[in-house]
Amino acid sequence: NPPSLASKATTVSKIIHIRPGNRVSKVQSWLLQTSTIMSISPPVTRHDTLVITFKQKMRRNRRKLIMSNLALMILIVYCNISISINSQLHSIQDSLNPIKVTEYSHSNFSSAINSYVTNNTSASASAIIPPKVLFDPAISIGDNTADGANEVHGINSTIATERLPYLTMYGDHRAEISFAVLPKWLQTYFDWHSEQTRNSSNITKYVVLTCHGTKPCGGISDRLRPLPFCLLHASLVPRVLCIHWTKPFGLENYLTPPMYAAGRTVDWRCPADIPLDITRKFGNCQSVNCIEEDIKRMRSINDKYVSLYVGCRSEARINYHNNLFQLHTYTHEAPIIIKWQFIDLTGDIFRVMFEPVLALTQSINDTMTSLGLKENEYASAHVRSRYPIKTALRKIDKQGGLDFGYWKEYLLPIINNAVSCANHIAMNSTIYFSSDNNEVVNDTITRDIPVGGGMQVRPVAMHRDKEPLHSDGINPESQISDFFPMIEDLLIMGGGSCVAHGVGSFGAFGAGLSGNRCRSIHRGPNVLACPNTRTEHGCESVTKFNKGKILFDSGLARHGLITSPRCYRTKVITDVESNHNKTGNV
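Below is a short write-up of the structure. This is a predicted model, so every value here is computed, not measured.

1. Notes on the state of the cysteines
Consideration 1: Considering all chains together, one arrives at six disulfides under this definition.
Consideration 2: Sulfur-sulfur distance for the disulfide between Cys-285 and Cys-290 comes to 2.0 Å. Between Cys-285 and Cys-290 the disulfide shows an S-S torsion of about -65°. By sign, it is left-handed.
Consideration 3: Owing to a relative accessible area of 2%, Cys-285 belongs among the buried residues under this scheme.
Consideration 4: Judged by its relative accessible area of 27%, Cys-290 is partly exposed.
Consideration 5: Put simply, Cys-539 and Cys-567 are joined by a disulfide, and their sulfur atoms are 1.9 Å apart. Note on the Cys-539 and Cys-567 pair: the S-S dihedral is about -95°, so by sign convention the disulfide is left-handed. Pair noted here: Cys-539 is in strand E21 (residues 539–541) and Cys-567 is in the segment after helix H19 (555–558), with a separation of 28 residues, a long-range link.

Next comes the structure, spelled out in structure tokens:
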């Protein structure tokens, strides 16, 4: 709050520092509803600081009072922690009637604030804590409701009149379930990662997944497909893994870390001082020996930041690295990964590390509500219409501009077969259809599509007037929200029971988010009628690698492994709620 700003401007800004792990996107939306705040600005590289601009200048004491109360509510409501409040704090003493309690917690904060609002009805008190933004942090899991709140119950019907949007498919409650089914070594790394980011210092070291400038990185699915191996690599050094993208925008604009246990969170966002150009680069390996040398070299250097690049444009290289993750994770046999496939644990790893930001949560909730979709009660079909199988499509693959009228004759058999395949693996289910072209989607959901046996189905989707942008395209005029439809399609696919996808890794990512437990491949590159055997890749022994390698020589490496239901079918698989516990014995 520089004096120059306070004296010259009609608005006054103040900064709140938010500790890693907070749901800052929700905090932003929540704070913007207050009557005294004009805007909130996040930093470019990391959302651990909020710049809050007030609508008018006001006395310093009143600003301090407002900020202290806001900070207090953020800490308790959104950090899921208990803190002690000293009634002698200078900022709290500025209040006419401070709250006279010594302990606030996640569970009892609502009633305390209700009492505070009731007993302090002055103009300043109502401006500090407007009743309409009070929420009950203890939410109940339910279905998407018509008001977009998904059964998030307010603390008091006379006070709380608005509710946070909520998804059954992603969030803290799902992170807890997914964490429990991961192999022991990954649980250990996530716990260590959480401890390191909560108590970071100048000696904390990071391994960074980057995407900047004009360098081809692939789309979001290509970039995140090697994530399992990158976690394995980071755990063996060890270093804190973080993701730093500026192309097209930071991933934190779309996804945020959830909490998975007692306030723990895998905060994959990089610190604010991370440079765009990291000197030490690792990766591009094509053998175990090369990977082992990388691990040894990374252990020996003291640079705060090093980057790791697997090769997003090489299917075979990513699969090779992810198969090493499989061999490090499963007992007896591990599923073989081929083509664009994501590993079976993708959904669980994703739910521990990511949940959609508040705006995306609201959009997904609204879409699913309007279409009547409930988790695990629908199938998805995805068509990558711009995939550059034909030479003429290469120019519009990433930049867009597909003329559906021109390509309709070519695309209709692909679209119809995709829907038919989705119906085959999820008979009588609603089919959610998505594509990288809005005209393809709009045409598909306005006609009945034959699926065999004299039956016809009509898929559902949202009408959109713009073609989805490719995250590896060059779109200098684009806004953050322009990429919301792409992420929304991905996360909705991941919440369904089955996915039918074709070429490219985007549809395969959606299938991976649903655990690969029910999927079909409808194209590759030509139309593939269903049923087919394209999803049956077999398993390989996890004992074929020699002991003595860094990747396989530790006691932890063979302790707490999990069983693959695809490879060891005699084991009983216990489903937890939404059938995302796929691992059998842990």
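Alright, that's what it looks like, and here's the rest.
2. Some thoughts on the packing of aromatic side chains
Consideration 1: Counted according to the given criterion, the structure contains 15 aromatic pairs.
Consideration 2: A network of ring pairs unites the aromatic residues Tyr-170, Trp-268, Phe-342, Phe-350, Phe-354 and Phe-509 as a single cluster.
Consideration 3: The aromatic ring of Tyr-309 is capped on one face by Lys-215, whose charged end is 4.5 Å from the ring centroid.
Consideration 4: Against the face of Trp-245 rests Arg-223, its NZ or CZ located 4.6 Å from the ring centre.

3. Some thoughts on helix H18 (residues 506–513)
Consideration 1: With eight of its eight residues buried, H18 lies for the most part within the structure.
Consideration 2: Turning to H18, its buried residues number three or more, namely Phe-506, Gly-507, Ala-508, Phe-509, Gly-510, Ala-511, Gly-512 and Leu-513.
Consideration 3: For H18, the elements touching its buried residues are helix H9 (220–224), helix H13 (346–353), strand E15 (378–383), helix H17 (484–493), strand E19 (498–501) and strand E20 (519–521).

4. A short note on the sheet that holds strand E12 (residues 305–309)
Consideration 1: Within the open sheet, the four strands sit side by side as E7-E6-E12-E11. Their pairing is parallel. With partners counted over all chains shown, the strands left at the sheet margins are strand E7 (240–245) and strand E11 (281–283), one partner each. Across the sheet, the axes of successive neighbouring strands diverge by a mean angle of 35°, strand direction being ignored.
Consideration 2: Pairing geometry for strand E6 (residues 206–211) and E7, over six bridges, is parallel. Bridge pairing in E7 links Val-208 to Cys-242.
Consideration 3: The sheet strands contacting helix H11 (residues 288–300) are E6, E11 and E12, and the helix crosses E11 at an angle near 155°.

5. Re unusual backbone geometry
Consideration 1: Cis geometry marks the peptide bond from Lys-247 to Pro-248; its omega dihedral reads -10°.
Consideration 2: Turning to its location among the elements, Pro-248 is positioned in the loop between E7 and strand E8 (255–256).
Consideration 3: Although it is not a glycine, Lys-339 adopts a positive phi angle of roughly 50°.
Consideration 4: With respect to the helices, strands and loops of the structure, Lys-339 is situated in the loop between strand E13 (333–335) and H13.
Consideration 5: On the basis of relative accessible area, Lys-339 is assigned to the partly exposed category, the value being 36%.

Thresholds applied
- Residues numbered from 1 in each chain as written.
- Predicted model: local features only at pLDDT ≥ 70, side-chain atom pairs only at ≥ 80, totals over all residues.
- Heavy atoms only, no water.
- Disulfide = S-S within 2.5 Å.
- Buried < 20%, exposed > 50% of the residue type's maximum accessible area, 1.4 Å probe, protein only.
- Helix = DSSP H or I, 4+ residues; strand = E, 2+ residues; numbered from the N terminus.
- Phe/Tyr/Trp six-rings, centres within 6.5 Å; stacked < 30°, edge-to-face > 60°.
- Lys NZ or Arg CZ within 6 Å of the ring centre and 35° of its normal.
- Contact = heavy atoms within 4.5 Å.
- Pairing = 2+ DSSP bridges.
- Axes fitted to C-alpha atoms, helices over the stretch in contact; angles between N-to-C directions.

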